[in-house]
Structure formats: C-alpha cells, structure tokens
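Letter by letter, the chains look like this.
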Amino acid sequence: MTDRADLADHADRARPPYAAHVSLRWSDMDAYAHINNVQFLRLLEDARVIAFRDWFEAGGATDRSLLEEGVLVSRHEIEYRRPLGFRHEPVEIHLWVSRVGGAGFDVAYIVTDPEGVGEGPGGTIYAVAETELALYDFRTAMPRRMRPDERASVLEHVGDAAPFRRRKR
C-alpha cells in the first residue's frame, strides 16, 4: 500500500482521524542528522496529549474521569517508513482509537507532513504506530475496567487498525 493510500483509507471514514501538529526539537536529532527513533515516542505522546485534551476535556465533554483517574501506556509498536530530519515546521500526526477493550484501548497514528510542507498530508509518511493504553486507578494503584460512559467517549474516535505493512501478529 502506498503512503497516500494509507492516509486516504483513513480519511474516507465517516469521522476523519484527529490531526495534531507537533513541533520538532533540535535535540531530537541523532548522529545521523535525523529524528532519533526514541524521540518518535515523545512525538506520539505529545500528539496523544493534544488529542485527549480535545477528545475528553474540550467541546463540552463531560467525562474527564478517564484522564483524572489514570491511563498508562502498556505497549508501543512503531513502523518507521522514512527518515525525518530536523526542521522548524511541525509534523502532522493523525490519530484515532483502533481498538477498545474492557480495561483499555489502542491509539493508532500516522506521522506525516502538514499541508504546505514537503509533499503535504499523505505525501510522505515517516511512521505508522500504535499505543496500547490501560486504564489505571492511581488512588488504589490498580488497573480498572472501563465504565459505560468512558466507553461511549472512546467509541466516538474509533477507526481502522493502524496500517502497518508488516505486523508480527
């Protein structure tokens, strides 16, 4: 599947993926003059924080318990497609919920260029990723189940699985 097709497949859904613009830092570069693979996790985290603020706090969303009680990362999977060099323009990270379970959910991502940078959205895909999140109650220091109101909030952002080229499962 081509880069353009990966993003277009997700844009065809009833609800397009959320797009977060995340700035790069000079310190994100490694000795090969591209963004270090570990720094991609920070980019994904920054995009997730931006999206969750909009998904669960803004726009009249009444359910903040998902964020207040706790959500922990339990797994990451990243497929690097192209090197990303430092630049002053941000990357655009499209993200959506790719799986909903009883005690957590997965978030899928496509890291690309924003409109007006490089080839624009879908022109260059730098990475495809997925993060597994577990609900956690910090008060009791225990994992917890997803409540019906939380499930309804999460389900508003569901899309397809992350478009990995090679998946080991």
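Our structure is the block above this text.
Note that the structure is predicted; figures quoted are calculated from it, not measured.

> Tell me about the side chain of Thr-131, residues and numbers included.
Structurally, Thr-131 is set in strand S5 (residues 125-137). There is a polar contact of 2.9 Å between the side chain of Thr-131 and the side chain of Tyr-109. Setting aside its immediate chain neighbours within four residues, Thr-131 contacts Arg-48, Val-73, Arg-75, His-76, Phe-105, Asp-106, Val-107 and Tyr-109.

> I'd like to hear about the environment of Pro-163, residue by residue, with values.
Looking at the element boundaries, Pro-163 is found in the segment after helix H4 (148-155). When the C-alpha positions of Pro-163 and Ile-110 are compared, they lie 8.5 Å apart, and in sequence the two are 53 residues distant.

> With reference to specific residues and values, describe H4.
Within H4 the residues assigned to the buried category are Glu-150, Ser-153 and Val-154. Along the axis of H4, the buried positions cluster into a sector of 95°, meaning they face one direction only.

> Can you lay out the packing of aromatic side chains for me, pointing to particular residues and giving the numbers?
Per the stated rule, a full pass over the model turns up 8 aromatic pairs. Ring pairs connect the aromatic residues Tyr-18, Phe-52, Trp-55, Phe-56 and Phe-105, which therefore count as one cluster.

> For the environment of Ile-110, give the residues involved together with the corresponding values.
Within the secondary structure, Ile-110 sits in strand S4 (residues 104-112). Through-space distance from the C-alpha of Ile-110 to that of Glu-79 is 9.8 Å; in sequence the pair is 31 residues apart.

> Quick rundown of the nonpolar core? Include the residues and the values.
Counting 29 residues, the largest nonpolar core has Phe-40, Ile-93, Leu-95, Phe-105 and Val-111 as its most contacted members. At the level of elements, strand S1 (18-22), helix H2 (37-56), strand S3 (91-100), S4 and S5 are the ones that each hand at least two residues to this core. In terms of residues, this core owes the most to one element, H2, which gives 8 residues. Ile-110, Ile-125, Val-128 and Phe-164 belong to the second-largest nonpolar core, a separate cluster that totals 7 residues.

Conventions adopted
- Residues numbered from 1 in each chain as written.
- Predicted model: local features only at pLDDT ≥ 70, side-chain atom pairs only at ≥ 80, totals over all residues.
- Heavy atoms only, no water.
- Helix = DSSP H or I, 4+ residues; strand = E, 2+ residues; numbered from the N terminus.
- Polar contact = N/O pair within 3.5 Å; in protein donor to acceptor, adjacent residues only side chain to side chain.
- Contact = heavy atoms within 4.5 Å.
- Buried < 20%, exposed > 50% of the residue type's maximum accessible area, 1.4 Å probe, protein only.
- Arc of directions from axis to C-beta.
- Phe/Tyr/Trp six-rings, centres within 6.5 Å; stacked < 30°, edge-to-face > 60°.
- Core = buried A, V, L, I, M, F, W, Y, C linked by side-chain atoms within 4.5 Å.

Functional significance is not addressed by these values, which are geometric in nature.
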